[in-house]
Amino acid sequence: MTATSQSDLSVVALAGGVGGARLVDGLDRALPTGSLTAVVNTGDDFQHWGLHISPDLDTVMYTLAGLSPEDRGWGIEGDTFRVLEEARRRGAEDWFQLGDRDLVTHLSRSAALARGDSLTQATSGLCSALGVECPILPMADAPCPTTIVTQGGDELAFQEWLVHARAAPAVRAVRHEGAARATQAVLDALTAADLVLISPSNPYVSIGPILALTGVADALRQTIAVAVSPILGGKAVKGPLATMIQEIDGCTPSAEAVARHYEGFLDGFAVHPGDGFDAPYPILETNILIQSKRDRVVFARELIEFSRSLR
Ligand code: FO1
């Protein structure tokens, strides 16, 4: 890959929620059009109000479309919740906040799936309507729901645990259910990639479901794979990851604890200053806090340069 110039690099980013979307956004701005493909977790997908909701696909799509709120990262900036208020008034479930503008996405996707489109086709249609050019590929077309097994032995669907139960029940294990096959589009993108970047997303519930699909880990072993830590100074930027590392793996949250999840196919790892550790591959220590759009591009350029230096 060292002989390849940045302009003709073919890059695949594996992404989950908000952290993944921000890295994909930085890469999309830093790389020439046509270089980047995002492969996105669908283990979070679920049915709500009779609609098919794909939170991670939408977070990546809205972020690339410039529609995401900078603070919470998901949904649409400035959205209203009048439908949710009416649903609440009528006694419908209101624990998952679907905004009025966001609802158009779920209605369109559900209609496309009901017509017989695949999730890949439905996602492509939604992206085109919002002017998003970077291909966003669902990791699978068939349902692959993530189940949380609590320390108490309960089994909760992912959004039931994360949003409805506010991630309060301690986690014993995470299970990836359903069809275990990535789409052909995903496998083709991975096979053609010069570089696969693993976003600073949760390794159990965002990246884990992608890696669990047949063919994905093998494809990563054939290419240059570089991950970005979602843990900075022992804390997760967002979400329940730090607690999950303690509960599931029984260790202190750290970049190194995350890297263990990617053992066997990592060629490099990017961590925040001070988070470095002894590893059999090079470590890039730099500012990986990529909340602002500017920081995303600065970091994406640095990450690509670092990755190009790897053999
Ligand atoms: N996360 C929440 O914590 N509460 C919500 O009510 C919520 C609604 C929501 C609606 C649409 C969407 O695309 C995402 C939404 N999220 C919400 C975020 C999402 O459930 C999680 O952050 C991801 O699944 C984790 O990657």
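Notes on the structure follow. Since this is a predicted model, take the numbers as computed values, not measurements. (Residues numbered from 1 in each chain as written. Predicted model: local features only at pLDDT ≥ 70, side-chain atom pairs only at ≥ 80, totals over all residues. Heavy atoms only, no water.)

Observations regarding the environment of Ser118
Take Ser118: it is sitting in the loop between helix H4 (100-115) and helix H5 (119-129). The residues contacting Ser118, other than those within four sequence positions of it, are Leu113 and Asp141. (Helix = DSSP H or I, 4+ residues; strand = E, 2+ residues; numbered from the N terminus. Contact = heavy atoms within 4.5 Å.)

Some words on the packing of aromatic side chains
What describes a pair of aromatic rings is the distance from one ring centre to the other and the angle between the planes of the rings. One pass over the full model with this rule turns up six aromatic pairs. Pairing Trp95 with Phe96 gives two aromatic rings, centres 5.8 Å apart and planes at 75°, and the pair type is edge-to-face. In this pair, the class of Trp95 matches that of Phe96, namely buried. Summarising the aromatic geometry, the rings of Phe158 and Trp161 are spaced 6.1 Å apart at their centres and angled 45° between planes, so their arrangement reads as tilted. With Phe158 and Trp161 both in helix H6 (residues 158-164) and three residues apart, the pair spans about one turn of that helix. The pair Phe158 / Trp161 is uniform in exposure class, with both members buried. Through a chain of ring-to-ring contacts, the aromatic side chains of Phe46, Trp95 and Phe96 assemble into a single cluster. The residue whose ring lies beneath Arg72 is Trp74, and the NZ or CZ to ring-centre distance is 4.2 Å. (Phe/Tyr/Trp six-rings, centres within 6.5 Å; stacked < 30°, edge-to-face > 60°. Buried < 20%, exposed > 50% of the residue type's maximum accessible area, 1.4 Å probe, protein only. Lys NZ or Arg CZ within 6 Å of the ring centre and 35° of its normal.)

Brief notes about the side chain of Thr37
Here Thr37 is to be found in strand S2 (residues 36-40). A residue is classified by how much of its surface remains accessible, and Thr37, at 16% relative accessible area, is buried. Discounting residues that sit within four places of it in the chain, Thr37 has contacts with Val11, Val12, Ala13, Cys134, Pro135, Leu137 and Ala189.

Some details on the site of the ligand
As a matter of local geometry, the ligand sits amid 14 residues, with Asp44, Asp56, Phe96, Gln97 and Gln159 nearest to it. Interatomic distance of 2.9 Å between a backbone N/O atom of Gln97 and an oxygen atom of the ligand. Contact with the protein chains hides 86% of the accessible area of the ligand, taken as 530 Å² for the molecule alone. Those elements that provide at least two residues to the shell around the ligand are helix H2 (55-64) and H6. The greatest single-element share of the shell around the ligand, amounting to four residues, is contributed by H6. (Near = heavy atom within 4 Å. Polar contact = N/O pair within 3.5 Å; in protein donor to acceptor, adjacent residues only side chain to side chain. Areas by Shrake-Rupley, 256 points an atom, 1.4 Å probe, with all protein chains shown as cover.)

Observations concerning helix H8 (residues 203-211)
Along H8, nine of the nine residues are buried, which leaves the element largely enclosed by surrounding structure. Burial in H8 covers these residues: Pro203, Tyr204, Val205, Ser206, Ile207, Gly208, Pro209, Ile210 and Leu211. One side-chain oxygen at the N-terminal end of H8 lies 2.8 Å from the backbone nitrogen of Tyr204; it belongs to Asn202.

Here we look at the pattern of salt bridges
Summed over the entire model, instances satisfying the criterion amount to 14 salt bridges. Of the charged contacts, one joins Arg90 and Glu86 as a salt bridge, the two residues approaching to 2.8 Å between their closest N and O atoms. Members of the salt-bridge network, linked through shared partners, are Asp25, Arg29, Glu70, Lys293 and Arg296. (Salt bridge = Lys/Arg side-chain N within 4 Å of Asp/Glu carboxyl O.)

What about the sheet that holds strand S14 (residues 283-285)?
Across the sheet, which stays open at both edges, the seven strands sit in the order S5-S2-S1-S9-S10-S13-S14 with parallel pairing between neighbours. Either end of the sheet is taken by a strand with one partner, and the two such strands are strand S5 (136-138) and S14. Across the sheet, the mean angle separating the axes of adjacent strands is 20° when strand polarity is ignored. As paired elements, strand S13 (residues 268-271) and S14 share three bridges and run parallel to each other. The residue bridging Val271 from the neighbouring strand is Glu285, located in S14. (Pairing = 2+ DSSP bridges. Axes fitted to C-alpha atoms, helices over the stretch in contact; angles between N-to-C directions.)

Structural notes on the sheet that holds strand S7 (residues 155-157)
With antiparallel pairing, the three strands of this open sheet are ordered in space as S7-S6-S8. The open sheet terminates on both sides in strands that have one partner only, identified here as S7 and strand S8 (171-176). Neighbouring strand axes in the sheet, compared pairwise and without regard to direction, differ in orientation by 30° on average. Relative to S7, strand S6 (residues 146-150) is paired through three bridges, and the arrangement is antiparallel. Paired with Thr147 across the two strands is Ala157, which belongs to S7. Set on the sheet, H8 makes contact with S6 and S8; between it and S8 the angle comes to about 25°.

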